[in-house]
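A look at the structure
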Amino acid sequence: LFVIAALLAIRTRVEFHAGHATEVAHGATEPSSAWETLTAGVAYAREHSAIGVLILTTAFLVFFGFPYMIILTAIIHARFAGAGTQQVQQLYSLVYMFNGMGALVGSLAIAGLRATIKRSRIIPLTLLAFAALLIAFSFAPSLPLMAVCSVLAGAAYISTSSLIMTSIQAAVPGHLRGRVMALFMMAFMGVM
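Quantities reported herein were computed from a predicted structural model and do not represent experimental measurements.

Here we look at the overall build of the protein chain
- Check the secondary structure of the protein chain and you find 10 helices and 0 strands.
- In the protein chain, the order of α-helices and β-strands from amino to carboxyl end is α-α-α-α-α-α-α-α-α-α.
- For the protein chain, the proportion of its 192 residues judged to be buried stands at 34%.
- Working note: accessible area of the protein chain is about 11,900 Å², and carbon and sulfur atoms make up 70% of it.

Here it is in structure tokens:
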């Protein structure tokens with residue numbers, strides 16, 4: 001209810017600014033038909049390969065990276081074979097909590113980046129870190145090492161997602177941003 005009240009409290013102003021005319025003048029034409037309006041985000045992502053690559057990267061990140069959270073119970077059960085069901089559930093909750101802590105730290109770190117730092121250059125590093133941390137997590141022999149890998153993997157996963165999202169939003173013209181971000185959300189939530 002609080003979120004709905006906050007949304008209802010927002011007062012928007014419609015203004016024409018020169019930036020919109022500039023965006024249209026630089027090759028980003030406004031769609032004219034209903035079909036062009038519907039597919040404008042796809043067309044933009046196809047024409048601008050960097051945006052398309054970022055959206056595909058998101059889909060691959062979620063498809064290949066997120067399942068480790070789904071099979072976490074099986075990993076913990078296999079790693080701690082002698083543990084009872086209740087203990088496995090407690091260990092699962094603990095490792096999942098560490099992942100959430102890492103996600104919080106990662107999102108705050110990305111939010112705190114200076115505007116001068118080029119975010120698109122950090123994305124490959126966070127992707128590699130996430131992959132390496134998942135491999136390290138799968139071979140971790142003890143709970144403390146699993147917890148450390150889980151914290152860092154959560155930070156890398158959310159950092160990558162946040163960096164991709166902000167890079168797309170910064171690159172896409174304002175009148176197409178919602179349509180292209182819909183593609184991002186399809187790649188992120190749809191693939192999940």
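Moving on, there is more to tell.
Let's talk about helix α10 (residues 177–190)
- Relative to the 20 Å expected for 14 residues at 1.5 Å per residue, α10 spans 19 Å between its end C-alpha atoms, a close match to the ideal helical length.
- Along α10, the positions that sit buried rather than exposed are V180, M181, L183, F184, A187 and F188. Seen end-on, α10 carries its buried residues on one side only, within an arc spanning 145°. When the buried face of α10 is taken as reference, the exposed residues oriented beyond 90 degrees from it are G178, M186 and G190.

Digging into the nonpolar core
- I55, I76, F130 and I168 are the most contacted members of the largest nonpolar core, which has 41 residues in total.
- Of all elements in the fold, only α3 (34–47), α4 (49–65), α5 (67–70), α6 (72–79), α7 (85–111), α8 (123–139), α9 (143–171) and α10 reach the threshold of two or more residues within this core.
- Take this core: its biggest share by element is 8 residues, from α9.
- If sequence neighbours within four positions are ignored, F130 has contacts with L61, G65, Y68, A153, A156 and Y157.

Considering a nonpolar patch on the surface
- Together, L56, F60, F63, F64 and V191 give the surface a local cluster of nonpolar side chains, amounting to about 540 Å² of exposed area.
- Looking at where V191 falls in the secondary structure, it is placed in the segment after α10.

Things to note about the side chain of T160
- On the secondary structure map, T160 appears in helix α9.
- Judged by relative accessible area, T160 falls into the buried class, the value being 0%.
- Within polar-contact distance, the side chain of T160 engages the side chain of T126 at 2.7 Å.
- Non-local contacts of T160, meaning those with residues more than four positions away in its chain, are made with L61, I123, T126 and L127.

Considering the packing of aromatic side chains
- In the structure shown here, the tally under the stated rule is 9 aromatic pairs.
- Of the aromatic side chains, those joined through ring pairs into one cluster are F66, Y68, F130, F137, Y157, F184 and F188.

Section: the environment of F66
- Within the secondary structure, F66 is located in the loop between α4 and α5.
- When residues no more than four places from it in sequence are discounted, the contact partners of F66 are L61, Y157 and M192.

Here's the deal with the packing of α6 against α8
- Running from N to C, α6 and α8 cross one another at 40°; their axes reach a closest spacing of 10 Å. Across from L72, I75 and R79 in α6, the residues of α8 making contact are F137, S138 and F139.
- Of the residues that constitute the contact of α6 with α8, the class distribution is 4 nonpolar, 1 polar and 1 charged.

Conventions adopted
- Residues numbered from 1 in each chain as written.
- Predicted model: local features only at pLDDT ≥ 70, side-chain atom pairs only at ≥ 80, totals over all residues.
- Heavy atoms only, no water.
- Helix = DSSP H or I, 4+ residues; strand = E, 2+ residues; numbered from the N terminus.
- Buried < 20%, exposed > 50% of the residue type's maximum accessible area, 1.4 Å probe, protein only.
- Areas by Shrake-Rupley, 256 points an atom, 1.4 Å probe, with all protein chains shown as cover.
- Expected span 1.5 Å × (residues − 1).
- Arc of directions from axis to C-beta.
- Core = buried A, V, L, I, M, F, W, Y, C linked by side-chain atoms within 4.5 Å.
- Contact = heavy atoms within 4.5 Å.
- Patch = residues over 30% accessible without salt bridge, like charges linked within 9 Å, V, L, I, M, F, W, Y side chains within 5 Å.
- Salt bridge = Lys/Arg side-chain N within 4 Å of Asp/Glu carboxyl O.
- Polar contact = N/O pair within 3.5 Å; in protein donor to acceptor, adjacent residues only side chain to side chain.
- Phe/Tyr/Trp six-rings, centres within 6.5 Å; stacked < 30°, edge-to-face > 60°.
- Axes fitted to C-alpha atoms, helices over the stretch in contact; angles between N-to-C directions.
- Nonpolar A, V, L, I, M, F, W, Y, C, P; charged D, E, K, R; others polar.

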